[in-house]
Amino acid sequence: MLRKINIFIFYILLSLSLDAKEPVLAILNNTVSNEVQTFSIGSYTFECRPYGILSLEKLYETAKQGSICQNSIDEFYKKNPKLKYYADGLLEHKQQYHVEIKDSECILYAKGQMTLSELLLVEGLAIKKPMFKDEEFESYYTLAQRKAKIDRKGLWGENIFNSCIEEMYK
């Protein structure tokens, strides 16, 4: 019962702060992966997943077991072990971050005005979701993804994009 009351209070505070255009500051507790971070606001703890993107972890998770996509991602992380924990190296635990919840995902401002989603896109560790339409972020995400593609970073340099996307549409 107490947990339900805490959740209810959290949503009220969150909605009030969003209506007032005040930033919601949350404390980073743990960086599980590039895909999942855990935050807390007061006694309420929640998971945060980057908004508007499909990370390599998500592509791996949705691919068939033992598929070319999964094998490509495994090989990529063997060659680039630090990129598997990119978000952990970028974010500092017990630090406050501006977080917005949108469509059950998080807009996490990780580096000034840049979101974690943009930073993952720039490094080639994610792709913009197909059919992503958000007036505020679409141009930033497109630009970040284009930069990774031009620089052949991450999934763009290892042909992961083709192997994973082909499997998604089979």
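Residues numbered from 1 in each chain as written. Predicted model: local features only at pLDDT ≥ 70, side-chain atom pairs only at ≥ 80, totals over all residues. Heavy atoms only, no water.

## Re the sheet that holds strand β7 (residues 114-115)
Part 1: The sheet built from 6 strands is open, its strands ordered β3-β2-β1-β5-β6-β7 with antiparallel pairing. Looking at the sheet topology across the chains shown, the edges are occupied by β3 (44-48) and β7.
Part 2: The sheet contact formed by strand β6 (residues 105-111) and β7 spans 2 bridges and is antiparallel. Each residue of the ladder has a partner; that of Lys-111, found in β7, is Met-114. (Pairing = 2+ DSSP bridges. Helix = DSSP H or I, 4+ residues; strand = E, 2+ residues; numbered from the N terminus.)

## A word on helix α7 (residues 138-151)
Part 1: Helix length check: α7 (14 residues) gives 20 Å between terminal C-alpha atoms against 20 Å at 1.5 Å per residue, within 8%.
Part 2: Of the residues making up α7, those classed as buried are Tyr-141, Ala-144, Gln-145 and Ala-148. Looking down the long axis of α7, one finds its buried residues gathered within 95° of arc, a one-sided arrangement. Residues of α7 that are exposed and point over 90 degrees away from its buried face: Leu-143 and Ile-150.
Part 3: Buried residues belonging to α7 abut β4 (53-55), β7, α6 (116-122) and β8 (126-128).
Part 4: Of the residues flanking the end of α7, it is Arg-152, one or two places downstream, whose phi is positive at about 55°. (Expected span 1.5 Å × (residues − 1). Buried < 20%, exposed > 50% of the residue type's maximum accessible area, 1.4 Å probe, protein only. Arc of directions from axis to C-beta. Contact = heavy atoms within 4.5 Å.)

## Points about the confidence of the model for the chain
Interpreting fine coordinate detail is not advised for predicted regions of low pLDDT.
Part 1: For the chain, the mean per-residue pLDDT works out to 87, and 84% of the residues sit at or above 70.
Part 2: Ranking the elements of the chain by mean pLDDT puts helix α1 (residues 2-19) last, at 59, and α6 first, at 97. (pLDDT = per-residue confidence, 0-100.)

## A look at the packing of aromatic side chains
Part 1: Applying the stated criterion across every chain, the model contains 8 aromatic pairs.
Part 2: An angle of 70° between the planes, with centres 5.5 Å apart, marks the rings of Tyr-51 and Phe-132 as edge-to-face. On the criterion of sequence distance, the pair formed by Tyr-51 in the loop between β3 and β4 and Phe-132 in the loop between β8 and α7 is long-range, its members being 81 residues apart.
Part 3: With a centroid separation of 5.4 Å and 55° between ring planes, the pair formed by Phe-76 and Tyr-77 is classed as tilted. The two residues Phe-76 and Tyr-77 agree in class, both being buried.
Part 4: Members of the aromatic cluster, joined through ring pairs, are Phe-39, Tyr-44, Phe-46 and Tyr-97. (Phe/Tyr/Trp six-rings, centres within 6.5 Å; stacked < 30°, edge-to-face > 60°.)

## Quick look at the pairing of β6
Part 1: Across the 7 residues of β6, 6 count as buried, placing the element largely inside the fold.
Part 2: Sheet topology note: the strand β5 (residues 96-102)/β6 ladder contains 5 bridges and is antiparallel. Counterpart to Lys-102 in the pairing with β6 is Glu-105.
Part 3: The loop that links β5 with its antiparallel partner β6 comprises 2 residues; one of these, Asp-103, has a positive phi angle of about 55°.
Part 4: In sequence, β6 turns back onto β7 through a hairpin of 2 residues, with Gly-112 there showing a positive phi of about 65°.

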